[in-house]
Protein chains: 2
Amino acid sequence: MIFNVEVKISLKKGMLNPESSTIERALDLLGYKVKNTDTIDIITFQIDEKNEEKVLEEVDDMCQRLLCNPVIHDYEITINS
Amino acid sequence: MIFNVEVKISLKKGMLNPESSTIERALDLLGYKVKNTDTIDIITFQIDEKNEEKVLEEVDDMCQRLLCNPVIHDYEITINS
């Protein structure tokens, strides 16, 4: 059975985010005053598995091993069949 | 008035996405069979403006000038007050 998976990856609270501070500074140089800038990465893919529990287990494993760094990242898995 | 802005940036259909193909290959090496991998970037920030129309106009300008490359990217702006 084909499942559509979405993994939302963001930095944990308190972690320095060089990407967002660079964006905020660059926008400031262009004359835009913004604050609390943050960045989130989303990875979507399809996987063929027996059931949703198996998918969740595998995707969690993917996150731990490859897709993000559990020390500095939070991740959220969304599964749709 | 403070507005919460979310900009969702993705590559246009048909564009080669080296990041997602690298992810798919790496997952394959770890033994995970996934397909149709895609990546989406989200930038969130707060902006102080008079009204929502002005915010939309400014954020669209930010997208055109800095946040993405309109030739290869699609972007979606979400504004919450």
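Residues numbered from 1 in each chain as written. Chains lettered and ligands numbered in written order. Predicted model: local features only at pLDDT ≥ 70, side-chain atom pairs only at ≥ 80, totals over all residues. Heavy atoms only, no water.

The name an unreviewed UniProt entry assigns to chain A is Phosphoribosylformylglycinamidine synthase subunit PurS, from the organism Methanobrevibacter arboriphilus JCM 13429 = DSM 1125. Its UniProt record gives chain A the following Subcellular location (unreviewed entry) comment, quoted word for word: "Cytoplasm". Chain A has a UniProt comment under Subunit (unreviewed entry) that states "Part of the FGAM synthase complex composed of 1 PurL, 1 PurQ and 2 PurS subunits." (UniProt positions renumbered as here; feature names shortened; annotations may be inferred.)

Draft legend 1. Structural detail: the pairing of strand β2 (residues 34-48) of chain B. Pairing between strand β2 (residues 34-48) of chain A and β2(B): eleven bridges, direction antiparallel. Among the inter-strand pairings, Asp38(A) is bridged to a residue of β2(B), identified as Thr44(B). Sheet analysis places strand β1 (residues 2-11) of chain B next to β2(B), joined by nine bridges and oriented antiparallel. Its bridge partner lying in β2(B), Val7(B) is registered against Ile43(B). (Pairing = 2+ DSSP bridges. Helix = DSSP H or I, 4+ residues; strand = E, 2+ residues; numbered from the N terminus.)

Draft legend 2. Here's a closer look at the interface of chain A and chain B. Between chain A and chain B, the contact holds 28 residues from the first and 28 residues from the second. Summed over both sides, the interface between chain A and chain B buries roughly 2,600 Å², with carbon and sulfur atoms accounting for 62% of that surface. Among the residues chain A hides against chain B, the three largest losses belong to Tyr32(A), Ile42(A) and Gln46(A). Together they make up 22% of the total. At the boundary of chain A and chain B, one finds zero salt bridges. On inspection of chain A and its partner chain B, the count reaches twelve residue pairs in polar contact (both at pLDDT 80 or more). Of all the elements in the fold, those that place two or more residues in the side of chain A that touches chain B are β1 (2-11), α1 (18-29), β2 and α2 (52-67) of chain A. Sorting elements by how many residues they give to the side of chain A that touches chain B places β2(A) first, with 14 residues. Looking at the side of chain A that touches chain B, its residues break down into 15 nonpolar, five polar and eight charged. (Contact = heavy atoms within 4.5 Å. Buried area = accessible area lost by both parts, 1.4 Å probe. Salt bridge = Lys/Arg side-chain N within 4 Å of Asp/Glu carboxyl O. Polar contact = N/O pair within 3.5 Å; in protein donor to acceptor, adjacent residues only side chain to side chain. Nonpolar A, V, L, I, M, F, W, Y, C, P; charged D, E, K, R; others polar.)

Draft legend 3. Inspection of the side chain of Ser20(B) at higher detail. Residues and elements named next belong to chain B. By the secondary structure assignment, Ser20 is in helix α1 (residues 18-29). You can call Ser20 buried: its relative accessible area is 5%. Every residue in contact with Ser20, bar those within four places of it in the chain, is listed here: Thr37, Asp38 and Thr39. (Buried < 20%, exposed > 50% of the residue type's maximum accessible area, 1.4 Å probe, protein only.)

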